[in-house]
Amino acid sequence: MKILSSSRYSTGAAGAGILKKLIGLTAEHAISRTQFGKKLYQFGLIQEKFARMAMITYAMESMSYLTAGLMDMFEEPDMSLEAAVVKIFSSEGCWWCVNECLQIVGAMGYSKDNVFERYWRDTRVMMLFEGTNEILRQYVGLAGLQYAGKQHRSHIKRLRDPWNNVGLILTEKFKKRMGNWKPWLMLRLGDHLHPELAQEADGLEMIILRFKNSVQDVLKKHGDEIINEQLDVKRVADIVVDIYAMTACLGRASRAICIGLRNHDHEMMLCKTFCREARKRIDNNLAMLALDKCENGDDNIRQIAETMIKNKGYAAEHPLTRNW
């Protein structure tokens, strides 16, 4: 596990290096290419692609260096979770960005004579080696849930027995309502960051509080059977990945503006925009975790898959098939 961890977290640095090279080549193409009387980079859809690629690369690099720094702080650190998180985000982010670069360059990027084709092919394997991302998501989610379960075992056990713990149930509901209305930000993350990032720091802390409540609800709902609820475990892991990415970006951006690095205003914009979009993803995952299987579509997913396996493939009839 230690060997895999050391190579997994380096995926972020490697991926960031690849993307910096490709983004530069893609930018050169967008500057020189003219379509419909305008340079390619002047179109809004192309600008969106460049912005998202920059945000992903920034987050990827920030997560990798944060993990490396944490490793250096301890003699024998256990960074398997952090390394898995970096590998999940970086491999998928790198693959998405290379696809976007190829999309901007166009069909010529698909030629073997072009560097884009080689990077496009090689980055695909990043989601497969050293543990597939599906396995790593289950590892991240279940490891976190196992720790939470041990820390709050007696509390969750009482929550799963509402008839004998009515007072506790009512107290928990009251705390959640009060927390949603006026959350208590006890971590005070904003005190450790530049004042310009105070809003993002408070947003991250609110997410952490909501996530804590959501984890308790998930354990209360599934108990020991959570190991078989892979879709919910995946949602938990995705939230963890986004929280870690937000933490890394906020720390890096705050340092950049505090010591006056060149282009620190650009880093602030990258960080703020990334955090806003990460919060949207987290909000969606938290909402899905709060729903039952029949409400969030998990039952439908299972039934569709079972039908396909039963039919050994695609089961729907051809659109021109007749039954008369």
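Residues numbered from 1 in each chain as written. Predicted model: local features only at pLDDT ≥ 70, side-chain atom pairs only at ≥ 80, totals over all residues. Heavy atoms only, no water.

Enquirer: Before we move on, can you summarise the packing of aromatic side chains with the specific residues and values?
Expert: Using the criterion set out here, one finds two aromatic pairs in the structure. Measuring from centroid to centroid gives 6.0 Å for F89 and F274, while their planes differ by 80°, and the two rings are edge-to-face. Here F89, found in helix 3 (residues 80–105), pairs with F274, found in helix 10 (residues 264–289); they are 185 residues apart in sequence, far enough to count as distant. Judged by relative accessible area, which is 11%, F89 ranks as buried. With a centroid separation of 5.7 Å and an interplanar angle of 25°, the aromatic rings of W95 and W120 are classed as stacked. One end of the pair, W95, is in helix 3; the other, W120, is in helix 4 (residues 115–123), and 25 residues separate them in sequence. Here R118 stacks its cationic end above the ring of Y119, 5.0 Å away from the centre of that ring. Over the ring of W95 we find R124; its NZ or CZ atom is 5.6 Å from the centre of that ring. (Phe/Tyr/Trp six-rings, centres within 6.5 Å; stacked < 30°, edge-to-face > 60°. Helix = DSSP H or I, 4+ residues; strand = E, 2+ residues; numbered from the N terminus. Buried < 20%, exposed > 50% of the residue type's maximum accessible area, 1.4 Å probe, protein only. Lys NZ or Arg CZ within 6 Å of the ring centre and 35° of its normal.)

Enquirer: Go over the nonpolar core, please, and point to the residues and values.
Expert: Buried together is how nonpolar side chains tend to be arranged in soluble globular proteins. Core analysis: the largest hydrophobic core is formed by 67 residues, its most contacted members being M63, F89, M246, C271 and F274. Counting residues per element, the ones that place at least two in this core are helix 1 (2–32), helix 2 (44–72), helix 3, helix 4, helix 5 (133–151), helix 8 (198–222), helix 9 (230–258) and helix 10. Per-element tally for this core: the top contributor is helix 9, with 14 residues. Residue contacts for C271: discarding those within four places in its chain leaves Y58, L197, C249, L250 and A253. (Core = buried A, V, L, I, M, F, W, Y, C linked by side-chain atoms within 4.5 Å. Contact = heavy atoms within 4.5 Å.)

Scope: geometric values only; no functional claims are made or implied.
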